[in-house]
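# Descriptive structure summary
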Amino acid sequence: MCGIVGYKGSQNAIPVLISGLESLEYRGYDSAGVAFKSGKKIEIVKNIGKVSNLKSLLNDDANSEIGIAHTRWATHGKVSVENAHPHKVGKITIVHNGIIENYASLKIELEQKGYEFQSQTDTEILCALINDLYETENNLLIAINKMTKLVHGSYALLIMCDDNLNELYAIRCNSPLIVAIKDNDYFLASDVPAILKYTNEYILLENNEIIKVDDKLHIYDESLKEINKQTIIFDGDSNDAMKNGYEHYMLKEINEEPTVVKNILDYYTSDGKFNDNMPSFKKYKKIFIVGCGSACYTADISKSLFEKYLNIPVTVYIASEYRYQQLFYDKDTLVIFISQSGETADTLEALRRTKNDGIDTLAIVNVVSSSIAREADQVLYIKAGVEIAVATTKAFTAQLTMLALLVLRMANKENELKYFEDLSNELNKILKMDFKKYAKKIYKHENAFFIGRGIDYGLCEEGSLKLKEISYINSSAFPSGELKHGTISLITEDTPVISIVSDENIKYKTISNIKEVHARGAYVLWLTNKDENGDFYDDKIVIRDIHEIVNSILMVMPLQLIAYEVAYLRELDIDKPRNLAKSVTVE
Ligand code: G6P
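Everything quoted here is computed from the prediction, not taken from an experiment.

## Some words on the pattern of salt bridges
- A complete count under the given rule lists 40 salt bridges for this structure.
- Of the charged contacts in the structure, one is a salt bridge between glutamate 548 and lysine 308, with a shortest N-O distance of 2.9 Å. In this pair, glutamate 548 is assigned in helix H17 (residues 548-569) and lysine 308 in helix H8 (residues 294-310), connecting sequence segments 240 residues apart.
- Residue lysine 308 is classed as exposed on the basis of its relative accessible area, which comes to 54%.
- The partner of lysine 436 in a salt bridge is glutamate 565, and the shortest N-O contact between them spans 3.4 Å. Of the two residues, lysine 436 is situated in helix H14 (residues 436-442) and glutamate 565 in helix H17; the sequence distance between them amounts to 129 residues.
- A residue is classified by how much of its surface remains accessible, and glutamate 565, at 14% relative accessible area, is buried.
- One network of salt bridges, with partners in common, ties together Glu504, Lys507, Lys530, Glu532 and Asp545.

## A look at the packing of H8 against helix H15 (residues 455-471)
- One way to put it is that H8 packs onto H15 with a least axis distance of 8 Å and a crossing angle of 165 degrees. What the angle tells us is that H8 and H15 run roughly antiparallel. For the crossing formed where H8 meets H15, the hand is left-handed. Along its contact with H8, which presents Ser294, Tyr297, Asp300, Ile301, Ser304 and Leu305, the element H15 presents Ile455, Gly458, Leu459, Glu461, Glu462, Leu465 and Lys466.
- Tallied by class, residues from the contact of H8 with H15 come to six nonpolar, three polar and four charged.

## Focus on the site of the ligand
- Among the 13 residues in the neighbourhood of the ligand, the closest are listed as Ser294, Ser339, Gln340, Ser341 and Thr344.
- Taking serine 339, its side chain carries an N or O atom lying 2.6 Å from an oxygen atom of the ligand.
- Residues of the shell around the ligand, tallied by class, amount to five nonpolar, seven polar and one charged.

## Comments concerning the side chain of serine 424
- Tracing the backbone shows serine 424 in helix H13 (residues 423-431).
- On the accessibility criterion, serine 424 (15% relative accessible area) is buried.
- Within polar-contact distance, the side chain of serine 424 engages the backbone oxygen of proline 258 at 2.7 Å.
- If sequence neighbours within four positions are ignored, serine 424 has contacts with Pro258, Val261 and Lys262.

## Observations regarding a nonpolar patch on the surface
- Taken together, the side chains of Ile48, Val79 and Val81 present a nonpolar region at the surface, about 190 Å² in accessible area.
- Note on placement: valine 81 falls in the loop between strand S4 (66-72) and strand S5 (87-89).
- Residue valine 81 is classed as partly exposed on the basis of its relative accessible area of 34%.

## Remarks on helix H16 (residues 507-519)
- For H16, which comprises 13 residues, the first-to-last C-alpha distance of 18 Å matches the rise-based estimate of 18 Å (1.5 Å per residue) to within 8%.
- For H16, the complete set of buried residues consists of Lys507, Thr510, Ile511, Asn513, Ile514, Glu516 and Val517.
- For H16, the secondary structure elements touched by its buried residues are strand S23 (447-452), strand S25 (496-501) and strand S26 (523-528).
- Looking one or two residues beyond H16, the residue adopting positive phi is glycine 521, at roughly 95 degrees.

## Digging into the nonpolar core
- Ranked by size, the top nonpolar core spans 143 residues in total, and within it Ile287, Phe306, Tyr322, Ile336, Leu405 and Phe420 carry the most contacts.
- By residue number, the principal contributor to this core is H17, which donates 14 residues.
- The contacts of phenylalanine 420, once residues within four sequence positions are left out, are Leu265, Thr401, Ala404, Leu405, Leu408, Ile549, Val550 and Ile553.
- One finds Ile94, Leu141, Val151 and Cys161 within the second-largest nonpolar core, a separate group that totals 31 residues.

## Notes on unusual backbone geometry
- Here the residue pair histidine 85 and proline 86 is connected by a cis peptide bond, since its omega of 0 degrees sits within 30 degrees of zero.
- One can find proline 86 in the loop between S4 and S5.

## As for the domain arrangement of the protein
- In terms of domains, the protein is made up of domain 1 (3-240), domain 2 (243-432) and domain 3 (433-587).
- In this structure, domain 1 and domain 2 have C-alpha centres spaced 33 Å apart.
- With 14 residues of domain 1 at the interface, the matching set in domain 2 holds 13 residues.
- Roughly 1,100 Å² of surface becomes buried between domain 1 and domain 2 when both sides are summed, with 47% attributable to carbon and sulfur atoms.
- Looking at the side of domain 1 facing domain 2, the largest losses of area belong to Tyr26, Asn174 and Asp240, adding up to 40% of the total buried there.
- Our count for the domain 1 to domain 2 interface comes out at one salt bridge.
- One salt bridge in this structure joins glutamate 206 and arginine 374, with 2.7 Å as the shortest N-O distance.

## Brief notes about the packing of aromatic side chains
- What the rule picks out here adds up to 13 aromatic pairs.
- Their ring planes at 85 degrees and their centres at 5.1 Å tell us that phenylalanine 536 and tyrosine 537 sit as a pair that is edge-to-face.
- Using a relative accessible area of 6% as the deciding quantity, one classes phenylalanine 536 as buried.
- One aromatic cluster in this structure is built from Phe288, Tyr317, Tyr322, Tyr329 and Phe337.
- The lysine or arginine in question, lysine 383, covers the ring of tyrosine 267, its NZ or CZ lying 3.9 Å from the ring centre.

Each value, and the rule that gives it
- Residues numbered from 1 in each chain as written.
- Predicted model: local features only at pLDDT ≥ 70, side-chain atom pairs only at ≥ 80, totals over all residues.
- Heavy atoms only, no water.
- Salt bridge = Lys/Arg side-chain N within 4 Å of Asp/Glu carboxyl O.
- Helix = DSSP H or I, 4+ residues; strand = E, 2+ residues; numbered from the N terminus.
- Buried < 20%, exposed > 50% of the residue type's maximum accessible area, 1.4 Å probe, protein only.
- Axes fitted to C-alpha atoms, helices over the stretch in contact; angles between N-to-C directions.
- Parallel < 35°, antiparallel > 145°, perpendicular 65-115°, else oblique.
- Left-handed = near helix turned anticlockwise from the far one by under 90°.
- Contact = heavy atoms within 4.5 Å.
- Nonpolar A, V, L, I, M, F, W, Y, C, P; charged D, E, K, R; others polar.
- Near = heavy atom within 4 Å.
- Polar contact = N/O pair within 3.5 Å; in protein donor to acceptor, adjacent residues only side chain to side chain.
- Patch = residues over 30% accessible without salt bridge, like charges linked within 9 Å, V, L, I, M, F, W, Y side chains within 5 Å.
- Areas by Shrake-Rupley, 256 points an atom, 1.4 Å probe, with all protein chains shown as cover.
- Expected span 1.5 Å × (residues − 1).
- Core = buried A, V, L, I, M, F, W, Y, C linked by side-chain atoms within 4.5 Å.
- Domains from an automatic or database assignment.
- Buried area = accessible area lost by both parts, 1.4 Å probe.
- Phe/Tyr/Trp six-rings, centres within 6.5 Å; stacked < 30°, edge-to-face > 60°.
- Lys NZ or Arg CZ within 6 Å of the ring centre and 35° of its normal.

The following block contains the structure:
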């Protein structure tokens, strides 16, 4: 969601900024813009649509040593050139990620002072506010610091000022921002992929620290005292953010799953036992698991494993709902927050509420040093590497693996780690299977259903989400017993129904439901680890049955590959589905 890039240095800033934006395209956006020093003034170029549309407006010979750039995912105001960033008011030009919650009251105050606004954005109001403070203070550092006391909400901001176009300022609050230095080049970005081409070392800003780049990098704390900060080394390189021969990032990332699973096991276990990287946990009487989107579905899938192995109740919450409901937790409750990005606004706020109430928190996160990772009491990293495709795949499989390991750790069942040994091999076997043949029977339909019970219903939720987000097929997941209470009326000749059976206990019940839809003409694709024959399906995908602790991990990849192949046949933008953002940093 929105991408930010800033640069000052020895190279031509414009291609650096554009390639930075391209590496952040995966975050999701609908317009893009750039501002750079051009002679003695600032030049702003913006366009709606892809970064390539912005590029088409830039002169080939445009040259500059300093600039800021942005991809916008519309929140306040429609997708338009006026609403695209950068925004300029008076002497100040900014790009902004986040939301200014009190923009309406600030707008009234600024209008009373004579400001007029061209766009519908909260960002233009923030820009005017900084300009106003700058006019009074005549010092941009002080003006930015004063701005933090007046706004509520989240922001990552890059700022340039007409009075000194050789300087770049930046600040963040609850929206990520990093700075990296390579020789005499300075890079600012909302996310690591934008800098990986140049360096894998960066500094992460804390809320309301201010960056000033002139001939060097200065970082100021909230009292405007200059400070030094530690560099973080990213565990990877620019290859991680490239397609490496795959047609899509999504396919590349699915293909990385065997390695990711191995990475997790290598990191948390040694010689078939948990090592020191896996913390121990006290005995809890209750577990809550919180997340958004796919992260929440990993919890739905893992819930019954936690309950069975630990014999305690587990409640799964969608983070945006959790925040506003009565929560019956206490000192014997562990609340687990799952997030690939570690920046999802609702999950982060849910974590803050929980910590505020003094409850133990554990984060399961991919992005190292992200907000959720840093703020939770404990963190387990899922070691999945950079995930670029909007639709999560390898991080999902990694989250499921991590949760299964956590179950064993909390239940003191180290002996069951042996069931993880074959996971990577089995995933490699699934990668070799042909899913296109099933996709051909699905891709022309506008509706699809996923049915299953228990763990399999959790898998259905993820399979259905994957399909709808990248193929735009209207797909729904149902606990199969519910079908008869309404949904079955939607089943007509050839309607695709993907039915999942991995749990022996409910096999026959689900199969009865599959028969009901098959009898009504549905095209039934049966995904199972039970190698049984019958007349209730049209096609069958059989996955190895290893053990309940790992079986669901194997069932996910076929669902991801079916969604991929369907979207491929529909010739869609698989890595960047419309309207979606990889990291949802607004509530
Ligand atoms: C977005 C992504 C989903 C992801 C969800 C939660 O909607 O498109 O793939 O599951 O956010 O993101 P998180 O980074 O918290 O796992």
